[in-house]
Amino acid sequence: MKLKNHSGASKRFKRSGSGKWMRRKAGMRHILTSKSPGVKSRLSGAAEVRKEDRTSLSRLLPYK
């Protein structure tokens with residue numbers, strides 16, 4: 001039987017061009033007025049998923 005991608009995980013994680021799993025950093029949704037510009041700059045952009053979580057992500061997203 002064909003496997004399905006986990007829809008929640010597919011919205012949150014993407015593969016980079018080199019095949020690494022990438023994620024967004026937490027803390028940039030709301031209450032941004034109380035955060036300093038340095039904190040907001042550090043939280044912007046994507047981050048690589050930890051090595052321990054890669055196997056479970058590959059199981060959740062078999063076709064990504």
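Below is a short write-up of the structure. Remember, predicted model here, so these are calculated numbers, not experimental data.

Looking at the side chain of S10
Consideration 1: In this fold, S10 is placed in helix α1 (residues 7-12).
Consideration 2: Among the residues examined, S10 registers a relative accessible area of 16% and is labelled buried.
Consideration 3: Aside from chain neighbours lying at most four places away, what touches S10 is L61 and K64.

Focus: the pattern of salt bridges
Consideration 1: Overall, the coordinates contain 3 salt bridges when judged by the stated rule.
Consideration 2: E52 is paired through a salt bridge with R50; the nearest N and O atoms lie 3.4 Å apart. Across this residue pair, the class does not change: E52 and R50 are exposed.
Consideration 3: Measuring nitrogen to oxygen at the nearest pair gives 3.7 Å for the salt bridge that ties D53 to R50.
Consideration 4: For R50, a relative accessible area of 52% puts it in the exposed group.
Consideration 5: Three or more residues joined by partner-sharing salt bridges are found here, namely R50, E52 and D53.

Thoughts on the environment of R59
Consideration 1: In this structure, R59 sits in helix α3 (residues 54-60).
Consideration 2: Since its relative accessible area comes to 68%, R59 is described here as exposed.
Consideration 3: It is 15 Å that separates the C-alpha atoms of R59 and K20, two residues lying 39 residues apart in sequence.

Topic: the pairing of strand β2 (residues 21-24)
Consideration 1: The sheet contact formed by strand β1 (residues 14-15) and β2 spans 2 bridges and is antiparallel. By the bridge assignment for β2, R15 is matched with W21.
Consideration 2: Where β1 folds back onto β2 in an antiparallel hairpin, the turn is made up of 5 residues, including G19, whose phi is positive at roughly 100°.

Rules of the game
Residues numbered from 1 in each chain as written. Predicted model: local features only at pLDDT ≥ 70, side-chain atom pairs only at ≥ 80, totals over all residues. Heavy atoms only, no water. Helix = DSSP H or I, 4+ residues; strand = E, 2+ residues; numbered from the N terminus. Buried < 20%, exposed > 50% of the residue type's maximum accessible area, 1.4 Å probe, protein only. Contact = heavy atoms within 4.5 Å. Salt bridge = Lys/Arg side-chain N within 4 Å of Asp/Glu carboxyl O. Pairing = 2+ DSSP bridges.

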